[in-house]
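# Commentary on secondary and tertiary structure
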Amino acid sequence: MSLKLKNEEPAKPMKDIQIIQDIKDIQDIREEKLSQISGVNAMDKAMKEKTVRKVAMVVLFVGVALLFGGLAAYLHNDYFLKNAETVTGVVTEKRMHRNYLTCSIYVNYEVDGKTYDELYVSDGHDMQIGQNVTVYYNPDKPTEITDGREITMLFICLIVMGGIVFLIGGYMVFWINQNPDKGIRIYDRIFQKTSRNK
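The structure displayed is predicted, hence computed values, not measured ones.

Detailed reading of the predicted model is not advised wherever pLDDT is low. Of the residues in the chain, 68% have a pLDDT of 70 or more, and the chain-wide mean is 77. When the elements of the chain are averaged for pLDDT, helix α1 (residues 2-8) gives the smallest value, 48, and strand β4 (residues 132-138) the largest, 94. Overall, residues 1-6 carries pLDDT values under 50, and its contacts beyond four positions in sequence, including any with other chains, amount to zero contacts.

So, in structure tokens, the structure goes:
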């Protein structure tokens, strides 16, 4: 009996050492996996934040482009009026569009013995067929005409739209810089909805 006990006693510490080693190995594997997951999450978060910033910058640049488009339309119209010549025309057609916001007016006019019938304005609600109007035309290309207004509807639309989009884009850039985590949450909501719709 005494011989058996002496032989069994050294086996217990060996087993304990093996168990401790197994636990350490499991902990190491777990820590490694956690670090990998956190690394992926950090990369994913950084990519989302970058994408949200890009979207905000695109909106901002679209606003700037619209503002420049409005300025270009104003300068083009100003140059046109400085070089234009005038002639009296007659309203021949009035087309009211479905939305009732635009009403195309066509006029008949004569330049150097040649008669033209062209679009005059797109917002001529108060004009009537047979009404005499002043036509501003390009001497080099008489089909290019306008009603002589310095501020055109195109200029107003581009400036208003550009200003709104620019302000939204600027606010988005500022807000995302202050609240990057909220921007990422909004990104997740948008892309989760689009993936569900698909």
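With six bridges joining them, strand β1 (residues 85-96) and β4 adopt antiparallel strand pairing. Looking at the pairing, Glu85 lines up with Tyr137 of β4. Both β4 and strand β5 (residues 141-146) contribute to a ladder of three bridges, which runs antiparallel. Within β5, the residue paired with Asn138 across the bridge is Lys141.

A word on the side chain of Thr146. Tracing the sequence through the fold places Thr146 in strand β5. Here the side chain of Thr146 touches Asp147 through a polar contact of 3.4 Å, side chain to side chain. When neighbours within four sequence positions are excluded, Thr146 is seen to be in contact with Asn77, Phe80, Leu81, Tyr120, Thr134, Val135 and Tyr136.

What follows is about the pattern of salt bridges. Following the criterion strictly, the structure yields four salt bridges and no others. Asp78 serves as the salt-bridge partner of Lys82, at 3.3 Å between the closest nitrogen and oxygen. Placement of both Lys82 and Asp78 in helix α2 (residues 11-83) is noted, with a separation of four residues, approximately one turn of the helix. Arg149 is the salt-bridge partner of Asp147, the closest N and O atoms lying 2.6 Å from each other.

Let's shift gears to the nonpolar core. Counting 14 residues, the largest nonpolar core has Ile105, Val107, Tyr109, Tyr120, Val133, Val135 and Ile145 as its most contacted members. Considering every element that reaches this core, the biggest residue donor is strand β2 (residues 103-111), with five residues. The contacts of Val133, once residues within four sequence positions are left out, are Val87, Thr88, Gly89, Val91, Val107, Tyr120 and Met127.

Calculation notes
- Residues numbered from 1 in each chain as written.
- Predicted model: local features only at pLDDT ≥ 70, side-chain atom pairs only at ≥ 80, totals over all residues.
- Heavy atoms only, no water.
- pLDDT = per-residue confidence, 0-100.
- Helix = DSSP H or I, 4+ residues; strand = E, 2+ residues; numbered from the N terminus.
- Contact = heavy atoms within 4.5 Å.
- Pairing = 2+ DSSP bridges.
- Polar contact = N/O pair within 3.5 Å; in protein donor to acceptor, adjacent residues only side chain to side chain.
- Salt bridge = Lys/Arg side-chain N within 4 Å of Asp/Glu carboxyl O.
- Core = buried A, V, L, I, M, F, W, Y, C linked by side-chain atoms within 4.5 Å.
- Buried < 20%, exposed > 50% of the residue type's maximum accessible area, 1.4 Å probe, protein only.

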